[in-house]
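One letter stands for each residue in the lines below.
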Amino acid sequence: MKNKALLSGLCVIFALSIIKINAQQMSENIKAPLAKIIPTVLEKHGDTRVDNYFWLNKRENPEVIDYLNHENSYYEAMTADTKGFQKELYEEMKSRIKEDDESVPYLYNGYYYITRFETGKDYPIYSRKKGSLTAAEEILFNCNDLAKGHSYFQLGGLSVSPDNKFASFGVDIVGRRIYAIQIKNLETGEILSDKIENTTGSSVWANDNKTIFYTKQDEVTLRSDKVFKHKLNTNSDQDVLVFFEKDDTFNVSVGKEKSKKYIVIGSGSTLTTEYRILNSDTPDAEFKVFQPRVRGLEYSISHFGDSFYILTNKDKATNFKLMKTPESATAKANWVDVIAHRDDVLLEDIEIFRNYLVVEERSNGLNHIRIMPWSGEGEYYLPFGSETYNAYTTTNVDFDTDILRYSYQSLATPSSVIDFNMKTKEKEVKKEQQVLGGKFDKNNYTEERVWATATDGTKVPISMVYKKGLKKDANNPVLLYAYGSYGVTMDTYFSSTRLSILDRGFVFAIAHIRGGEDLGRQWYEDGKLLKKKNTFTDFIDCSKYLIQEKYTSPEHLYAEGGSAGGLLMGAVVNMAPELYHGVIAQVPFVDVITTMLDDTIPLTTGEYDEWGNPNEKKYYKYMLSYSPYDNVKAQKYPNMYVSTGLHDSQVQYWEPAKWVAKLRTLKTNDTTLYLNTNMDAGHGGASGRFEALKELAKEYSFLLDLEKIKN
């Protein structure tokens, strides 16, 4: 029997070896796709560029679809021998997730609201319970039912009327973030005939329970530029335009103050904001401008009592300050300081309660939560002991409470939702993220923050996590991640899926490069417009630091970034390709010049304050000097995995498609180059929680395959 079993096992091993050899021979015989070259001459400011792949921007062209499908087929064929490993990674990541999970309930207007998932289901279920958590569950929306028949589904902008009888909601079934708003009668379950197309999905109720305000998009650029008023049980053709934003560098939004007294229209660009307010009891009255826009003046407003509190950069407050004004006199001449500007502390946000003002601050790259009683006595900070943590206020919709709800996590500590009594200073952990499987112990990992020195002498922080016992012998695989644009702070965060690479020996690191607000507002200012290259050189210098300190070496260093972080990836592989063994670029913004010159592309005009307007020669020349697509050249490039979505409205699919096509013709080595296009999704990728894991499994298998780690 033993010999028979041994013979059977040998047969299996032999069969698997044959399959592997065949897969290898197949991959060697498969030719990489080469896109057709059709030169298009582009001229600006006396400069001529020839774009050989401009034709790929025709989404409806069958040849374009054929090319994208060919690239997908090439990826599938070349990675055929990793399919089993991808499935193993997928099942492993899925096994750590509590499938029948639910959010911590929050009380709003007499109901506890809960979002939950069921085992094996991709989409959330939104529900509520009246008055008590022991009350019967009322299901508002089961997105698993609503998603049937759609390859992509997203519900957004859920808003319940003040009388709790109706809910407005938006649905996107394509992935381009274009929502149709509908209204549900929560008492009968009926979906009303009201249907509003081409919106952002966001809407807000007036206090009369029959009027909603919503934002609509330009059909070509997808810029949110209009606010309409809709009456219940009427055709959307009758909706009234209450505000149109003429400046194509601005986007609009509409919301409601926590006090419920005011409906607020926000209009903003990268550098400038403006608000309009309307008493929620009088939806047919006119909106009043809070403070007319002034170029460079940013502010946000929060209502409390007979006053508004204003977070603003007024008076050259680079890191922002808090001011106050009577609700009857809102112009900036009436604003007075509440919290003065500080050079070393960024004021990020505030939360207002009846008895407390809660302030979210950032200093030395770390966030802090400050509790300030309105009485003026006994203010304090919540204590946090790590250097790689992330703490922030979460759902605090109740105004008349002493309980602050906040979240805490770190690179090795699962996320917790905590209710903190601001009066007694007692805290209750309402929920800690569960990591299933019985193998996870946060004490098995080391968290570390180090500082790299940039080319100009600036110190740039890097946050890292890895398994204990790491040896600095230059042989550790490191995945270095960054974003570095729009002032987005790249906070440290826990990820149960990340354990699949940490437990296989990877170090995960976040480079807090300029272009974000990680070290304050000036950190952002020093990584945009004509200083944008600081973002790229910071990342390169962080990479060199990790190599110099022997955390890793160029043979084991990997880089990852998405969207504007994909631009970062495109820039660094042109500037310093020798530093990286592999690069993951998700939905990368790489064709900077051509995109920013085309004001019909969604979101372009609103980006001028971030990147510059290339219609001005100085910005054109500077952008041209780093635009990844324009700077691809004949040189060696790292192994690369590039992903995109056919319906992406933020970074059009043709940017990565053109980039990969150009790389294929110019790179001088035989490293791996994949373009994987999700033909059913947009900027955020797959909509289902498990489908998203499959996309992540592709990325992880790409890295682990390069490291020859097969299990």
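Cut-off values and rules
- As a convention, each chain's residues are numbered from 1 in the sequence order in which they are written.
- Reporting in this predicted model follows two pLDDT cut-offs: at least 70 for local features of residues, and 80 or more for side-chain atom pairs to be given and counted; totals over whole chains, interfaces and linings ignore these cut-offs and use all residues.
- Side-chain measures were taken over the full set of non-hydrogen atoms in the model, leaving aside hydrogen atoms and water.
- To qualify as a helix, a DSSP run of H or I must reach at least 4 residues; to qualify as a strand, a run of E must reach at least 2; elements of each kind are numbered from the N terminus.
- Only C-alpha atoms enter the radius of gyration, while the globule expectation follows 2.2 Å times N to the 0.38, with N the number of residues.
- Each residue's exposure class comes from its accessible area (1.4 Å probe, protein chains only) as a fraction of the maximum for that residue type: buried when under 20%, exposed when over 50%, partly exposed otherwise.
- Any pair of residues with heavy atoms lying within 4.5 Å of one another is described as a contacting pair.
- Methods summary: accessible areas were calculated by the Shrake-Rupley approach with a probe of 1.4 Å, and residue burial reflects only the protein chains presented.
- Residues counted as positive are Lys and Arg, residues counted as negative are Asp and Glu, and His and the chain ends are not counted.
- The atom standing in for a charge is NZ when the residue is Lys, CZ when it is Arg, CG when it is Asp and CD when it is Glu.
- Note on scores: pLDDT gives the predictor's confidence for each residue, bounded by 0 and 100.
- Only when DSSP finds a minimum of two bridges between them are two strands counted as paired.
- Lines fitted to C-alpha atoms define the axes here, with helix axes fitted over just the stretch in contact, and angles between the N-to-C directions of these axes take values from 0 to 180 degrees.
- Any helix carries an expected span of 1.5 Å times its number of residues minus one.
- Directions are taken from the helix axis to each C-beta atom, and the arc is the one they span.
- Polar contact is defined as a pair of N or O atoms within 3.5 Å, subject to the rule that within protein one atom must be able to donate a hydrogen and the other to accept it, and that residues adjacent in sequence are counted only when both atoms are side-chain atoms.
- Cavity: a set of points on a 1 Å grid over the protein atoms alone where a 1.4 Å probe fits but cannot get out. Pocket: an open set with protein on both sides within 12 Å along at least five of seven lines, its lining residues, like those of a cavity, having an atom within 4 Å of a point.
- Grid points are joined across faces, edges and corners, and a volume is the space filled by probe spheres set on the points.
- Any residue that is not Ala, Val, Leu, Ile, Met, Phe, Trp, Tyr, Cys, Pro, Asp, Glu, Lys or Arg is counted as polar, Gly included; the first ten are nonpolar and the last four charged.
- Any Phe, Tyr or Trp ring, taking Trp's six-membered ring, that has another such ring centre within 6.5 Å forms a pair; planes under 30 degrees apart are called stacked, those over 60 apart edge-to-face, and the others tilted.
- Among buried residues, those of type Ala, Val, Leu, Ile, Met, Phe, Trp, Tyr and Cys that are joined through side-chain atoms within 4.5 Å constitute a nonpolar core.
- Think of a salt bridge as a Lys or Arg side-chain nitrogen and an Asp or Glu carboxyl oxygen that are within 4 Å of each other.
- Angular relationships are summarised with four words: roughly parallel below 35 degrees, roughly antiparallel beyond 145, roughly perpendicular across 65 to 115, and oblique for the angles in between.
- Crossing handedness follows the turn of the near helix against the far one: under a right angle anticlockwise gives a left-handed crossing, and clockwise gives a right-handed one.

Undergrad: Talk me through the overall build of the protein; I want residue IDs and the actual numbers.
TA: Counting secondary structure elements, the protein contains 13 helices and 37 strands. For 711 residues, the compact-globule estimate of 2.2 N^0.38 gives 27 Å, and the C-alpha radius of gyration of the protein, at 27 Å, lies within 12% of that figure. With respect to the three principal axes, the spread of C-alpha positions in the protein is 80 × 75 × 55 Å. Out of the 711 residues belonging to the protein, those deemed buried represent 56%. Long-range contacts, defined as pairs at least 24 residues apart, comprise 56% of the intrachain contacts of the protein with a sequence gap of at least 6. With an accessible surface of roughly 30,300 Å², the protein has 50% of that area assigned to carbon and sulfur atoms. Here the protein contributes 87 positively and 98 negatively charged side chains, and the mean placements of these two sets differ by 2 Å.

Undergrad: So what's going on with the confidence of the model for the protein? Which residues, and what values?
TA: Model confidence for the protein is summarised by a mean pLDDT of 92, while 94% of its residues fall at 70 or above. Between residues 1-27, whose pLDDT stays under 50, and residues either more than four places distant or in other chains, the model counts two contacts.

Undergrad: Just give me the short version of the sheet that holds strand β21 (residues 336-339), but keep the residues and values in it.
TA: In space, the four strands of this open sheet follow the order β18-β19-β20-β21, with antiparallel pairing throughout. Among the strands making up the open sheet, the edge pair consists of β18 (299-304) and β21. Between one strand and the next, the sheet's axes are offset by a mean angle of 35°, whatever the strand orientation. Bridge analysis of strand β20 (residues 321-326) against β21 gives three bridges, and the strand direction is antiparallel. Looking across to β21, one finds that K324 is bridged to V336.

Undergrad: Break down helix α2 (residues 62-78) for me, with residues and values.
TA: For α2, which comprises 17 residues, the first-to-last C-alpha distance of 24 Å matches the rise-based estimate of 24 Å (1.5 Å per residue) to within 8%. What α2 keeps buried is the set V64, Y67, L68, E71, N72, Y74 and Y75. The buried residues of α2 all sit within an arc of 155° when viewed along its axis, so they share a single face. On its buried face, α2 sits against α3 (83-95), β36 (639-645), α12 (654-666), β37 (673-678) and α13 (689-706). With a side-chain oxygen positioned 2.9 Å from the backbone nitrogen of E63, the residue opening α2 is N61.

Undergrad: Could you give an account of empty space enclosed by the protein, naming the residues involved and the relevant values?
TA: Applying the stated criterion across every chain yields a total of one cavity of 30 Å³ or more. Of the volumes computed, that of the largest cavity is approximately 110 Å³. Of all the secondary structure elements, the ones that give two or more residues to the lining of the largest cavity are β24 (366-373) and β31 (459-467). Broken down by class, the residue content of the lining of the largest cavity amounts to four nonpolar, six polar and five charged.

Undergrad: How would you summarise the side chain of R223 if you had to cite specific residues and measurements?
TA: Tracing the sequence through the fold places R223 in the loop between β11 (211-217) and β12 (224-231). The class of R223 is buried, set by a relative accessible area of 9%. Here R223 is in contact with K216, Q217, D218, E245, K246, D247, D248, F250, N251 and T605, once residues within four sequence places are set aside.

Undergrad: Account for the packing of aromatic side chains, with residues named and values stated.
TA: Between two aromatic rings, the relevant description is the distance of the centres plus the angle of the planes. In the structure shown here, the tally under the stated rule is 36 aromatic pairs. Taking the centre distance of 5.0 Å and the plane angle of 80° together, the rings of F290 and F308 count as edge-to-face. Here the residue F290 occupies a position in the loop between β17 (288-289) and β18, and F308 occupies one in strand β19 (residues 307-312), the gap between them amounting to 18 residues. Residue F290 is classed as buried on the basis of its relative accessible area of 1%.

Undergrad: Give a detailed account of the nonpolar core, specifying residues and quantitative values.
TA: The biggest cluster of nonpolar side chains holds 109 residues, and the ones touching the most others in it are I462, M464, L480, F539, Y580 and W659. Broken down by element, the residue count for this core peaks at nine residues, all from α13. Excluding residues that lie within four positions of it along the chain, F539 makes contacts with L480, Y481, A482, A511, I513, A559, L568, M569, V572 and Y580. Formed by 17 residues, the second largest nonpolar core is a distinct cluster that contains Y356, V358, F384 and F420.

Undergrad: Can you break down α3 residue by residue, with the values?
TA: Over its 13 residues, α3 runs 18 Å from end to end, which matches the ideal 18 Å to within 8%, given 1.5 Å per residue. Next to the buried residues of α3 lie α2, α5 (499-502) and α13.

Undergrad: How would you explain the sheet that holds strand β3 (residues 106-108) if you had to name every residue and give the values?
TA: Strand order in the open sheet made by the four strands is β3-β4-β5-β6, with antiparallel pairing throughout. Pairing within the sheet leaves two strands with one partner each, and these edge strands are β3 and β6 (137-142). Pairs of neighbouring strands in the sheet enclose a mean axial angle of 30°, with direction left out of account. As judged from the three bridges shared by β3 and strand β4 (residues 111-116), these two strands associate in the antiparallel manner. The partner of Y106 across the bridge, within β4, is Y113.

Undergrad: Got a sec to walk through the pattern of salt bridges? Specific residues and values, please.
TA: Taken as a whole and judged by the stated rule, the model has 47 salt bridges. Close ionic contact of D101 with K431 constitutes a salt bridge, the shortest N to O distance being 2.9 Å. Here K431 lies in strand β29 (residues 427-432) and D101 lies in the loop between α3 and β3, a separation of 330 residues in the sequence. For D101, a relative accessible area of 25% puts it in the partly exposed group. Overall, K431 belongs to the partly exposed group, its relative accessible area being 24%. Through salt bridges with shared partners, one network takes in E298, E517, R521, E525 and K528.

Undergrad: Please give an account of unusual backbone geometry that cites residues and values.
TA: The phi angle at N109 is positive, at roughly 55°, despite the residue not being glycine. Its location among the elements puts N109 in the loop between β3 and β4. The backbone of F320 sits at a positive phi, close to 70°, despite the residue not being glycine. Mapped onto the elements of the fold, F320 is located in the loop between β19 and β20.

Undergrad: Can you lay out the packing of α3 against α13 for me, pointing to particular residues and giving the numbers?
TA: Between α3 and α13, the least distance of the axes is 8 Å, while the angle of their chain directions is 125°. Taken together, the axes of α3 and α13 lie oblique to each other. For the crossing formed where α3 meets α13, the hand is right-handed. Taking contact as the criterion, the partners of F85, Q86, L89, Y90, M93 and K94 in α3 are, on α13, F690, L693, K694, L696, A697, K698, Y700, S701 and L704. The residue inventory of the contact of α3 with α13, partitioned by class, reads ten nonpolar, two polar and three charged.

Undergrad: Explain the environment of Y637 to me, using residue names and the numbers behind them.
TA: Counting through the fold element by element, Y637 comes out in the loop between α11 (617-626) and β36. Judged by relative accessible area, Y637 falls into the buried class, the value being 2%. For Y637 and R664, which are 27 residues apart along the polypeptide, the C-alpha to C-alpha distance reads 10 Å. For Y637, the residues in contact, after removing those within four places along its chain, are V573, N574, P577, N631, V632, L663, K667, N669 and T671. Polar side-chain contacts of Y637 include one of 3.1 Å to the backbone nitrogen of K633.

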